[in-house]
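A closer look at the structure
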Amino acid sequence: MVGPQYDLVGNPLGAVRSTFERTAAAAAAESGERDPVAAFRGKDWGACELFRSFLFEEDGLDKVPVLNASNLGLIKPNTLVRYRGMVQDMLGNEYYIGAFKDGSTWRTNKFTDFSPFSMPHPCDSHLWERHLFHCVPAPGQNSWTLDSSPGPDVRRMSGCLATELREKRKRDGDNDDMDVSENGHEESSSQCKKPKEEDVHVSSSSTEMAEGVSEMNGGDHHIPGSSFSCLVKVYDMPDSQVKLNDVIEFIGVYTFDPELAAPSDNPDDIMLDLIEDVTVQLPPSKVPRLHCLVWRKLSPHDFISRPPVVEPSPSILKGIRQSLLSHLTMVLGNDELAAQCLLLHLLSRLRNRVDVVTVGRLSLNFIGFNRESASIFGNQLCSLIQKLVPYSQAIPMSIEYLNTATLQPRKDNKSGRLVTGVLQLPQGSHLTFDETFLQTGSLTSKGVENTMLLKNLMESQKVDYDFEYYKLDMATDVQLLTLSEGKSNILPSDLVVPFRPSSVPTISAGSEELESWRWYLATVRSLPQSTEPETYQIIQDEMVNAMRDDRSLGCSELSRWLTMAQITASSFGEKSLSLEHWQMVKELERLRKLRLQ
């Protein structure tokens, strides 16, 4: 029986260099030795395709360990890992010696920080570039999302396990993780046997590395998920494919070398001259590197571990809708009106921008809360939202919080890095603000600034980023829910609903129900929306009549009605708005206004 040609998990660089040297030799023979690797600049010579086939066609993805804070000191450098994170900062491009000629053989430094081979001087070489991204765990990421991509147990993978941190590596071509054979190919030096769990140790150096990362991310205790980060280097990618705050799964070569934190003792190391200053601000003794071979943007569907195999037909979605609506009603103390509004809120998303107008958003303000009811219904509601959406945070809106929290991301021009803030969030995040914590007090200048930031987020779905000499509005898509005693003045919501519970919730949902509801929310939010011309004309005529009868109605309220009607249609699995859905929203508005009187 013939085994696999490469150990893609335990020795990915062996496959990279072997395929490169084979392809370069073939290109040299075809071109008559005329610079055979020039065509490889910004292109894949077959290595990435090899990994993509292994991961997604041969079910190799489940064999790749997931890099996170818990196993940071366990994984052996130069092995294949997966890392899921949010792009917190875009650090520009870095130049490196991508290929050089060693005698008659062309070699590559792609997917590494340093060459494992001695580079002759002078030599034929090619300067390539790669994109640098500082990534962190997505703020507010809920624990259930981790079950969708658990990965194998690193402690039982001897080929990827580091039982202790190694001595400082020499840069003379020796490598602790692979043996270089006479023909220049790497061969895995590890054996695939299970080590005893008691033989696994986490070194003190790796612990220091994890402890030191928080200060690299701003260090504000109000900011969740800032205890672990990774510097990701992406190759052969056109500009603008990856954007700030995208949540991405990167699969690539994990590297960690404490020696990179100090100046090199080798004055002849050409690669060192090309390293960007960012490595000073993000030293590898604290922030691991990942040289990306394959990446993909993550959507809410990617976090669902057991999605249904059926097509999302209206009949199926209607059944799940009723189940979720019933549960929301019970969690909200049998307040059916509040539950229907909450469902529309959870299904809302920003669909378009027309100048300063945002289409599709539906922020919600439940009024009638006090500290006692917030501790019961508010906690139950936040707990349920955590179980339904990938990213959510509950924020106690107090004077102290407004005066001390760092909400605004800012650029530190001395270090060249973006320092994160609470409002640097992935698309689709959910924020719940509890204003029952507000008491009489004075806002400082920072408190006033934070209040303006929140109002701007609520009204325009934008966050001001401070670049010291100027401010830049960054578009976002965040669902905003406010719990308050009266109508919130700090957070003016699209929809204000008096909360009228009649019982105390004592229920919990099963795992299968939660899975179906998560799939339902992700599916409905991704459905396209449209309105037939005839239906739109009827609705438009009714809006004109409504404005004639009630002069207080403005364009923003009429736009909200249309948004609610379109979301209602989607909630039933329909892609087109009907008059029936429009009538349902009109009735919902009638009942809501009765409560407000």
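So, how was this worked out
- Residues numbered from 1 in each chain as written.
- Predicted model: local features only at pLDDT ≥ 70, side-chain atom pairs only at ≥ 80, totals over all residues.
- Heavy atoms only, no water.
- Helix = DSSP H or I, 4+ residues; strand = E, 2+ residues; numbered from the N terminus.
- Buried < 20%, exposed > 50% of the residue type's maximum accessible area, 1.4 Å probe, protein only.
- Areas by Shrake-Rupley, 256 points an atom, 1.4 Å probe, with all protein chains shown as cover.
- Core = buried A, V, L, I, M, F, W, Y, C linked by side-chain atoms within 4.5 Å.
- Domains from an automatic or database assignment.
- Contact = heavy atoms within 4.5 Å.
- Phe/Tyr/Trp six-rings, centres within 6.5 Å; stacked < 30°, edge-to-face > 60°.
- Salt bridge = Lys/Arg side-chain N within 4 Å of Asp/Glu carboxyl O.
- Axes fitted to C-alpha atoms, helices over the stretch in contact; angles between N-to-C directions.
- Parallel < 35°, antiparallel > 145°, perpendicular 65-115°, else oblique.
- Nonpolar A, V, L, I, M, F, W, Y, C, P; charged D, E, K, R; others polar.
- Pairing = 2+ DSSP bridges.
- 1 Å grid on protein atoms, 1.4 Å probe; cavity = no way out; pocket = protein on both sides within 12 Å on 5 of 7 lines; lining within 4 Å.
- Points joined across faces, edges and corners; volume = space filled by probe spheres on them.
- pLDDT = per-residue confidence, 0-100.
- Patch = residues over 30% accessible without salt bridge, like charges linked within 9 Å, V, L, I, M, F, W, Y side chains within 5 Å.
- Lys, Arg positive; Asp, Glu negative; His and termini not counted.
- Charge placed at Lys NZ, Arg CZ, Asp CG, Glu CD.

1. A few points about the overall build of the chain
- Looking only at helices and strands, the chain has 14 helices and 21 strands in total.
- Out of the 597 residues belonging to the chain, those deemed buried represent 52%.
- Here the chain has roughly 27400 Å² of accessible surface; of this, 50% comes from carbon and sulfur atoms.

2. Focus: the nonpolar core
- Grouped together as the largest cluster of nonpolar side chains are 56 residues, with contacts concentrated most on Phe 366, Leu 388 and Tyr 520.
- Ranked by residue count, the leading element in this core is helix 7 (residues 336-347), at nine residues.
- Per-domain counts for this core show at least three residues from each of domain 2 (314-523) and domain 3 (527-596).
- In this structure Phe 366 touches Leu 332, Ala 338, Leu 342, Leu 381, Leu 481, Thr 482, Leu 483, Ser 484 and Val 497, once residues within four positions along its chain are discounted.

3. Considering helix 2 (residues 47-56)
- Considered for burial, the residues of helix 2 that qualify are Ala 47, Cys 48, Phe 51, Ser 53, Phe 54 and Leu 55.
- Turning to helix 2, the residues buried within the fold contact helix 1 (12-31), strand 1 (79-102), strand 7 (247-255) and strand 8 (289-297).

4. Points about the packing of aromatic side chains
- Throughout the structure, instances matching the rule amount to 13 aromatic pairs.
- Ring centres of Phe 20 and Phe 40 lie 5.8 Å apart, and the angle between their planes is 65 degrees; this geometry places the pair in the edge-to-face category. With Phe 20 in helix 1 and Phe 40 in the loop between helix 1 and helix 2, this pair connects stretches of sequence that are 20 residues apart. Across this residue pair, the class does not change: Phe 20 and Phe 40 are buried.
- Ring centres of Phe 366 and Phe 499 lie 6.0 Å apart, and the angle between their planes is 35 degrees; this geometry places the pair in the tilted category. Taken as a pair, Phe 366 in strand 11 (residues 364-367) and Phe 499 in the loop between strand 19 (495-498) and helix 11 (511-526) lie far apart in primary sequence, 133 residues in all.

5. Focus: the pattern of salt bridges
- Applying the stated criterion to the full structure yields 23 salt bridges.
- Close ionic contact of Arg 84 with Glu 249 constitutes a salt bridge, the shortest N to O distance being 3.1 Å. Of the two residues, Arg 84 sits in strand 1 while Glu 249 sits in strand 7, which places them 165 residues apart along the sequence. Comparing Arg 84 with Glu 249 shows no difference in burial state: the two are buried.
- For the salt bridge of Asp 113 with Lys 233, the shortest nitrogen-to-oxygen distance reads 2.7 Å. Placement of Asp 113 in the loop between strand 2 (105-108) and strand 3 (125-136) and of Lys 233 in strand 6 (residues 230-234) is noted, with a sequence separation of 120 residues between them. The exposure classification of Asp 113 matches that of Lys 233, with both residues buried.
- One salt-bridge network, held together by shared partners, links Arg 82, Arg 84, Glu 249, Arg 296 and Asp 302.

6. Brief notes about the packing of helix 1 against helix 2
- Closest axis-to-axis distance for the helix 1/helix 2 pair is 9 Å, and the angle between their directions is 135 degrees. It follows from the interaxial angle that helix 1 and helix 2 lie oblique. In contact with Pro 12, Ala 15, Val 16 and Thr 19 of helix 1, helix 2 contributes Ala 47, Leu 50 and Phe 51.
- Looking at the contact of helix 1 with helix 2 residue by residue, the classes come out as six nonpolar, one polar and no charged.

7. Here we look at unusual backbone geometry
- A cis amide bond, omega -10 degrees, links His 121 with the succeeding residue Pro 122.
- Considering the arrangement of structural elements, one finds Pro 122 in the loop between strand 2 and strand 3.
- Phi angles above zero are rare outside glycine, and Asn 245 is one such case at about 75 degrees.
- The topology assignment puts Asn 245 in the loop between strand 6 and strand 7.
- For Asn 245, a relative accessible area of 6% puts it in the buried group.
- In the Ramachandran plot, Gln 461 falls in the positive-phi region, its phi being about 55 degrees despite a non-glycine side chain.
- Relative to the helices and strands, Gln 461 is located in the loop between helix 10 (445-460) and strand 16 (462-466).
- Gln 461 gets classed as buried once you look at its relative accessible area, which sits at 2%.

8. Some words on the pairing of strand 2
- By the bridge criterion, four bridges tie strand 1 to strand 2 in an arrangement that is antiparallel. Bridge pairing in strand 2 places Asp 102 opposite Thr 105.
- Hairpin geometry of strand 1 and strand 2 is characterised by an intervening segment of two residues between the two adjacent antiparallel strands and by a positive phi of about 70 degrees at Gly 103.

9. Some points on the sheet that holds strand 19
- Strands sit in the order 12-15-18-11-19 across an open sheet of five strands; the sheet is parallel. Edge positions in the open sheet fall to strand 12 (392-396) and strand 19, since each of these has one partner strand only. For this sheet, the mean inter-axis angle between neighbouring strands, taken without regard to orientation, is 15 degrees.
- Helix-sheet contacts for helix 14 (residues 579-596) involve strand 11 and strand 19, and the interaxial angle to strand 19 is about 60 degrees.

10. So, the layout of surface pockets
- What the largest pocket holds in volume is close to 700 Å³.
- Elements supplying a minimum of two residues to the lining of the largest pocket: strand 17 (471-475) and helix 11.
- With three residues, helix 11 is the single largest residue contributor to the lining of the largest pocket.
- The residue inventory of the lining of the largest pocket, partitioned by class, reads eleven nonpolar, six polar and six charged.
- Taken domain by domain, the makeup of the lining of the largest pocket includes at least three residues from each of domain 1 (12-147 + 226-297) and domain 2 (314-523).

11. Focus: the environment of Val 247
- When you line up the elements, Val 247 lands in strand 7.
- Every residue in contact with Val 247, bar those within four places of it in the chain, is listed here: Gly 85, Met 86, Ala 138, Lys 297, Leu 298, Phe 303, Tyr 391 and Pro 426.

12. Side note on the confidence of the model for the chain
- Per-residue confidence for the chain gives a mean pLDDT of 84; residues scoring 70 or more make up 83%.
- In this model, residues 165-218 is a region of pLDDT below 50 whose contacts with residues beyond four sequence positions or in other chains number 113 contacts.

13. Here we look at a negative patch on the surface
- On the surface, Glu 57, Glu 58, Asp 59 and Asp 62 cluster together into a negatively charged patch.
- What makes Asp 62 exposed here is its relative accessible area of 59%.

14. So, a nonpolar patch on the surface
- Together, Val 354, Val 356, Val 357 and Val 359 make up a nonpolar patch on the protein surface, roughly 330 Å² of accessible area in all.
- Residue Val 357 is classed as partly exposed on the basis of its relative accessible area, which comes to 44%.

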